[in-house]
Amino acid sequence: MGRRKKIVQECEKLMDKPEQIRNIAIAAHVDHGKTTLTDNLLAGAGMIADEGEATRLMMDTEEDEQERGITIDAANVSMTHEYQDRNHLINLIDTPGHVDFGGDVTRAMRAVDGALVVVDAVEGAMPQTETVVRQALREGVKPALFINKVDRLISELQEGPEEMQQRLTDVIGDVNELIRGMTQDMDDVEDWTVSVEDGTVAFGSALYKWGVSLPSMQETGMSFGDIIELERADKRQELHEKTPLSDVVLDMVAEHFPNPLNAQPRRIPRVWRGDDELDLAHQMRDVDDEGEVVFMVTDISMDPHAGEIATGRLFSGTIKKGQELYVSGTAGKNRVQSVGIFMGGEREELDRGVPAGNIAAVTGLRDAIAGSTVSSVEMTPFESIEHISEPVITKS
Ligand code: GDP
């Protein structure tokens, strides 16, 4: 069996185990390293070829697959990651990093339960950092922090361990100040600040592919001093091998971000304004794969063969080929032509249905737009998304 088939089978198995699913977004101020980190995670999870092996396709050994090459549609990518002897399905939804992004980011946030906030160690928290943190918290999405470009502190700015530690502490303090300010009036959120001690902060270099967190340092025995020494000596490959960024970040995701079963009971009342006594409301809170279909579309993309693909989060029910579904704001129903999931950045159509708690890629929903609620019964749509206006940022 080809490698790709094996991964598909593994993903299909994980789809039915919501406790092993994490739906996440990576959010950052422009240029802080979101794209570089995403590539890193995919390569680390074996979903795309490592840099330097770009022509070699990792997804399969079968000839036609190799010839086809792979292009990553960064909007939606999925990967598997083993943590504490359990495999996890990690679905990553892209949040646009440009200025005019309010609605798109919030839409992406609605589909996920955890947001990895990336902050450049040199620049620190910036206006868009504040915006994305606000959007995450407003949607009931739990944050964790990755401080990127730490290589620059060491090699360019020549900082020693104390200066570096101080700088990282300052970044964490700034992000926590944002979180505290935004959550103090929320009654359903306990403490969502991030900390090194809790393991909700990691730092490293997406460019050179190394990363650390307190749990990872305890596991590998690497100290701050060791890291500085290797980075200064330009032994970045060794640093990457000793403490690979993708493992550190994906372990953090598996450990600290809620799975759909934990997240939906808390998030549904926050993001859906319908009658919470309805069966439908219970089914959404319970991630009931036998309930009515409730699918929130986050993104529409074009596939040269399949046509329009609606991607989004399935909060309840099981979405299957042939279903006739309502699309909010339009009359009549649309018929589902195919359903699939993402593997790496590629869409894989499945013969079976996709159950609640997953990110699904659906064709046939010709009336759907990003933001549509698609459902098997007529229902109150997910509230129209509140756009948070963004100050215009000029890059220096
Ligand atoms: P995005 O706009 O957040 O997606 O940022 P990118 O991933 O495109 O990165 C922006 C720039 O920062 C690119 O030139 C990257 O090569 C660079 N970059 C990303 N991560 C790192 C890092 O860890 N260290 C250094 N020195 N540069 C980085």
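*Asks:* Would you take a moment to explain the site of the ligand for this structure?
*Replies:* What surrounds the ligand is a group of 15 residues, the closest being Asp-31, Lys-34, Thr-35, Thr-36 and Asp-151. At 3.0 Å, a backbone N or O of Gly-33 approaches an oxygen atom of the ligand. At the level of secondary structure, the elements contributing two or more residues to the shell around the ligand comprise α2 (34-44) and α6 (150-156). A total of 3 residues in the shell around the ligand trace back to one element, the largest contributor, which is α2.

*Asks:* Looking at this structure, how should I read the layout of surface pockets?
*Replies:* Empty space left among the atoms is revealed by rolling a probe the size of a water molecule over them. There is about 330 Å³ of room inside the second largest pocket. If you go around the second largest pocket, you meet 17 residues; those closest to its centre are Tyr-83, Pro-215, Ser-216, Glu-219 and Asp-251. Of all the secondary-structure elements, those providing two or more residues to the lining of the second largest pocket are α8 (214-220) and α11 (245-256). Top element by residues in the lining of the second largest pocket is α11. It accounts for 6 residues. Its residues assigned to classes, the lining of the second largest pocket shows 5 nonpolar, 7 polar and 5 charged.

*Asks:* What is the right way to look at the pairing of strand β1 (residues 21-28) in this model?
*Replies:* Look at any regular strand and the pattern is simple: side chains alternate between the two faces of the sheet. In terms of burial, β1 is a largely internal element, 8 of the 8 residues being buried. Burial along β1 is two-sided: Ile-21, Asn-23, Ala-25 and Ala-27 facing one way and Arg-22, Ile-24, Ile-26 and Ala-28 facing the other are all buried. Across 5 bridges, β1 lies against strand β4 (residues 114-120) in parallel orientation. Within β4, the position partnered with Ala-27 by the bridge is Val-117.

*Asks:* Mind showing me how you'd approach the environment of Asp-275 here?
*Replies:* As for its position among the elements, Asp-275 is in the loop between α12 (260-271) and α13 (279-285). For Asp-275, a relative accessible area of 42% puts it in the partly exposed group. Separated by 104 residues in the primary sequence, Asp-275 and Met-379 have C-alpha atoms spaced 9.7 Å apart. A distance of 2.8 Å separates the side chain of Asp-275 from the backbone nitrogen of Glu-277, its partner in a polar contact.

*Asks:* I'm lost on the pattern of salt bridges in this one. Help?
*Replies:* Working definition: two side chains of opposite charge can pair if their charged atoms are close together. As enumerated under the stated definition, the model contains 18 salt bridges in all. The residue Arg-347 makes a salt bridge to Asp-303 at a minimum N-O spacing of 3.7 Å. Of the two residues, Arg-347 sits in strand β14 (residues 346-350) while Asp-303 sits in strand β8 (residues 294-303), which places them 44 residues apart along the sequence. Each of the two residues, Arg-347 as well as Asp-303, counts as buried. Between Arg-366 and Asp-367 there is a salt bridge; the shortest N-O distance is 3.8 Å. Where salt bridges share partners, they join Arg-110, Asp-113, Glu-139, Arg-267 and Arg-313 into one cluster.

*Asks:* What am I meant to see in the packing of aromatic side chains here?
*Replies:* The description of two aromatic rings rests on the distance between their centres and on the angle between their planes. Within the structure shown, the criterion is met by 2 aromatic pairs. On the numbers, 5.5 Å between centres and 75° between planes, the contact of Phe-203 with Phe-224 is edge-to-face. Taken as a pair, Phe-203 in strand β6 (residues 201-205) and Phe-224 in helix α9 (residues 224-232) lie far apart in primary sequence, 21 residues in all. The class of Phe-224 is buried, set by a relative accessible area of 14%. Sitting over the face of the ring of Tyr-208, Arg-236 holds its NZ or CZ atom 3.8 Å from the ring centroid.

Cut-off values and rules
Residues numbered from 1 in each chain as written. Predicted model: local features only at pLDDT ≥ 70, side-chain atom pairs only at ≥ 80, totals over all residues. Heavy atoms only, no water. Near = heavy atom within 4 Å. Polar contact = N/O pair within 3.5 Å; in protein donor to acceptor, adjacent residues only side chain to side chain. Helix = DSSP H or I, 4+ residues; strand = E, 2+ residues; numbered from the N terminus. 1 Å grid on protein atoms, 1.4 Å probe; cavity = no way out; pocket = protein on both sides within 12 Å on 5 of 7 lines; lining within 4 Å. Points joined across faces, edges and corners; volume = space filled by probe spheres on them. Nonpolar A, V, L, I, M, F, W, Y, C, P; charged D, E, K, R; others polar. Buried < 20%, exposed > 50% of the residue type's maximum accessible area, 1.4 Å probe, protein only. Pairing = 2+ DSSP bridges. Salt bridge = Lys/Arg side-chain N within 4 Å of Asp/Glu carboxyl O. Phe/Tyr/Trp six-rings, centres within 6.5 Å; stacked < 30°, edge-to-face > 60°. Lys NZ or Arg CZ within 6 Å of the ring centre and 35° of its normal.

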